[in-house]
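A look at the structure
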Amino acid sequence: MTRMEQHPRRPSGPRRPDGSDRPGPDHPHGHVHTASHDSSPGHGHSHGHGPAAPVSRHLRKVIAAVLVPFAAAVVVGLVALWPGGTPSHKHSGVGFDRQTQQATVTRVVAVDCASVHASGGAPAAGPSATGGSPAGQRSGGTCKKATVRVDTGKDKGRTFTEIVQPDQSRQLHQGEQVVAAYEPTAPRDLQYSVTDVNRTFPMALLAGVFALAVVVVGRMRGVMALVALAVSFLVLNQFILPAILQGSNPLLVAVVGASAIMLIALYMCHGLSARTSVAVLGTLISLSLIGLLGAQFIGWAALTGNTDDSTGLIHGLYPKIDMSGLLLAGVIIGSLGVLDDVTVTQTSAVWELHEANPSMGPRGLYRAAIRIGRDHIASVVNTLVLAYAGAALPLLLLFSIAQSGVGTVADSELVAEEIVRTLVGSIGLVASVPVTTALAALVVASDRREPGTGAATGSRPAAARGGRGRRRKR
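All values reported here derive from a predicted model rather than from experimental measurement.

This paragraph deals with the state of the cysteines. In this structure the tally under the stated criterion is one disulfide. For cysteine 113, the disulfide goes to cysteine 143, at an S-S distance of 1.8 Å. Disulfide cysteine 113-cysteine 143: the torsion about the S-S bond is 110°, which places it as right-handed. Of this pair, cysteine 113 sits in helix H4 (residues 113-119) while cysteine 143 sits in strand S2 (residues 142-150), and the two are 30 residues apart along the sequence.

Here it is as structure tokens:
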């Protein structure tokens, strides 16, 4: 019977004392099986089952000499730039910068639009609220007159009316939970208007389903991933956004914040190990490249970062914010999540290949792992481009309706901004594959583990050792 046929019957626990059921070191499949299921200390590594084999003390010192100063610099940056809260300002009443309260539609009745216009009824919400034309602009058809009750704030229990045109995309229904905008300077009858629908329940339900799926499939890793996600949002909301609003340099804030998120998320999800540290280094180098390219091409393309109502409102409220710097900060933060995926995958691939065949040198490891990386990067870049295209689909439809040429569309600042964002991020992703693969190959191939670490010293294959540190007889 061949060794491959013996594998399915061999238990995944400790090896038999005589080692007779284990394949020799010349069989590459034997190394994969040993690395995945060996329960002796220092031999297990991650196929999703356990931690990577420890590296030598010397190599840990080298990695620490690089990452410890970097982590210290990130901490110093967080302390120096910490905003201490979002700066207060007087609400402008424009767009998202409005006072809002929760409300409920208590009654909806059909009325003639002509009579509403003639009597000067309360106007309907504008296009931002219901997606249609205000009342009074159309005189025919059947409108809806909704009575809305304010449920929060100092005017709790107060009611107001909302006229909904028949052609508006969002219709109000009795019992529906809505968001009401409040403008204290307007006449009393016009102080409140429906601006949106309350989506708290479906959004919370979807988030719960997502968290449950992550925990069920990922188990403890999934739990740690959710914790890391929560920490990432905490850094974003408590540091990055308030610091930019306080007037700090958006690029500097993004670099410090993204570095903090990277360190916390990677080490929390993948453990404090040399393998994770190599992924951190690969991510850091790739982020630096994205920052340099982004700064250069945003300047060359003369992108202002002020291209829509939201950015215009931000610039109006906080004119000191560098909008082009804010654009670059968004490129860096937006690329971080995909970079983490690529660098961790490539580092794990190199470690797995090394455990499968410890005799491979750095060149062989690099060549084998880069083939995996090419397949990965092809799908990741396509995903990134389609994600941006999907987000900008309404804009692309407008250009299609106007029958604008490709050159005209690409030259407009709205589209050019997305092109620069996509291509700069994609270049960083592509570069992260060879960079991280080369780093990982050099680290694992040059490692000389010390006696007592549970791994082979020099070039001795780890899989050729006994279950408790004894060499297997050849």
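Resuming the write-up.
Bringing the sheet that holds strand S1 (residues 99-112) into the picture now. Overall, antiparallel pairing links the five strands, which are arranged S3-S2-S1-S4-S5 in an open sheet. Only two strands of the sheet have a single partner each, and these edge strands are strand S3 (159-164) and strand S5 (192-197). Strand-to-strand twist across the sheet, computed as the mean angle between neighbouring axes with direction ignored, equals 45°. Here six bridges tie S1 to strand S4 (residues 177-182), and the two strands are oriented antiparallel to one another. Bridge assignment links glutamine 99 to a residue of S4, and that residue is tyrosine 182.

Once that is clear, we can look at the side chain of glutamine 346. By secondary structure assignment, the location of glutamine 346 is in helix H10 (residues 323-356). In terms of polar contacts, glutamine 346 uses its side chain to reach the side chain of threonine 437, at 2.8 Å. With residues near it in sequence (within four places) discarded, glutamine 346 still touches Ala369, Ile372, Gly373, Val433, Thr436 and Thr437.

Looking now at the nonpolar core. Among the nonpolar cores identified, the biggest contains 59 residues, and Phe239, Ile240, Val253, Val280, Val350, Trp351 and Leu429 are the most heavily contacted of them. Elements represented by at least two residues in this core include exactly helix H3 (57-81), helix H6 (200-245), helix H7 (250-270), helix H8 (274-300), H10, helix H11 (362-391) and helix H14 (413-446). Per element, the largest residue contribution to this core is eleven residues, and it comes from H10. Residues in contact with valine 280, not counting those within four places in the same chain, are Leu67, Met262, Leu263, Leu266 and Tyr267. Formed by 13 residues, the second largest nonpolar core is a distinct cluster that contains Val105, Val178, Tyr182 and Tyr192.

So, about unusual backbone geometry. In this structure, arginine 219 is a non-glycine residue whose phi angle is positive, near 55°. Checked against the element boundaries, arginine 219 lands in helix H6. On the accessibility criterion, arginine 219 (65% relative accessible area) is exposed. A positive phi angle is found at alanine 302, which is not glycine, with a value near 55°. Within the element layout of this structure, alanine 302 appears in the loop between H8 and helix H9 (309-317). The exposure class of alanine 302 is exposed, given its relative accessible area of 54%.

Now for the environment of isoleucine 427. Tracing the backbone through its elements, the reader meets isoleucine 427 in helix H14. Judged by relative accessible area, isoleucine 427 falls into the partly exposed class, the value being 42%. Once you skip the residues sitting within four places of it in the chain, isoleucine 427 turns out to touch Leu289 and Leu293.

Looking now at the confidence of the model for the protein. Reading fine detail from the predicted coordinates is not recommended where pLDDT is low. Residues at a pLDDT of 70 or more form 72% of the protein, whose mean pLDDT is 75. Looking over the protein, one finds the lowest element-wise mean pLDDT in helix H2 (residues 28-37), namely 40, and the highest in H6, namely 91. Here residues 1-51 scores under 50 on pLDDT; set against residues more than four positions off or in separate chains, the count is 90 contacts. pLDDT under 50 marks residues 124-138. Its contacts with residues more than four places away, or in other chains, come to 37 contacts.

We now examine the packing of aromatic side chains. Note on aromatic pairs: each is described by the distance of the centres and the angle between the planes. Evaluation of the coordinates by the stated rule reveals four aromatic pairs. Centre to centre, the rings of tryptophan 82 and phenylalanine 239 are 5.7 Å apart; their planes meet at 20°, and the pair counts as stacked. Here tryptophan 82 is found in the loop between H3 and S1, whereas its partner phenylalanine 239 is found in helix H6, with 157 residues between them in sequence. A relative accessible area of 46% places tryptophan 82 in the partly exposed class.

Conventions we followed
- Residues numbered from 1 in each chain as written.
- Predicted model: local features only at pLDDT ≥ 70, side-chain atom pairs only at ≥ 80, totals over all residues.
- Heavy atoms only, no water.
- Disulfide = S-S within 2.5 Å.
- Helix = DSSP H or I, 4+ residues; strand = E, 2+ residues; numbered from the N terminus.
- Pairing = 2+ DSSP bridges.
- Axes fitted to C-alpha atoms, helices over the stretch in contact; angles between N-to-C directions.
- Polar contact = N/O pair within 3.5 Å; in protein donor to acceptor, adjacent residues only side chain to side chain.
- Contact = heavy atoms within 4.5 Å.
- Core = buried A, V, L, I, M, F, W, Y, C linked by side-chain atoms within 4.5 Å.
- Buried < 20%, exposed > 50% of the residue type's maximum accessible area, 1.4 Å probe, protein only.
- pLDDT = per-residue confidence, 0-100.
- Phe/Tyr/Trp six-rings, centres within 6.5 Å; stacked < 30°, edge-to-face > 60°.

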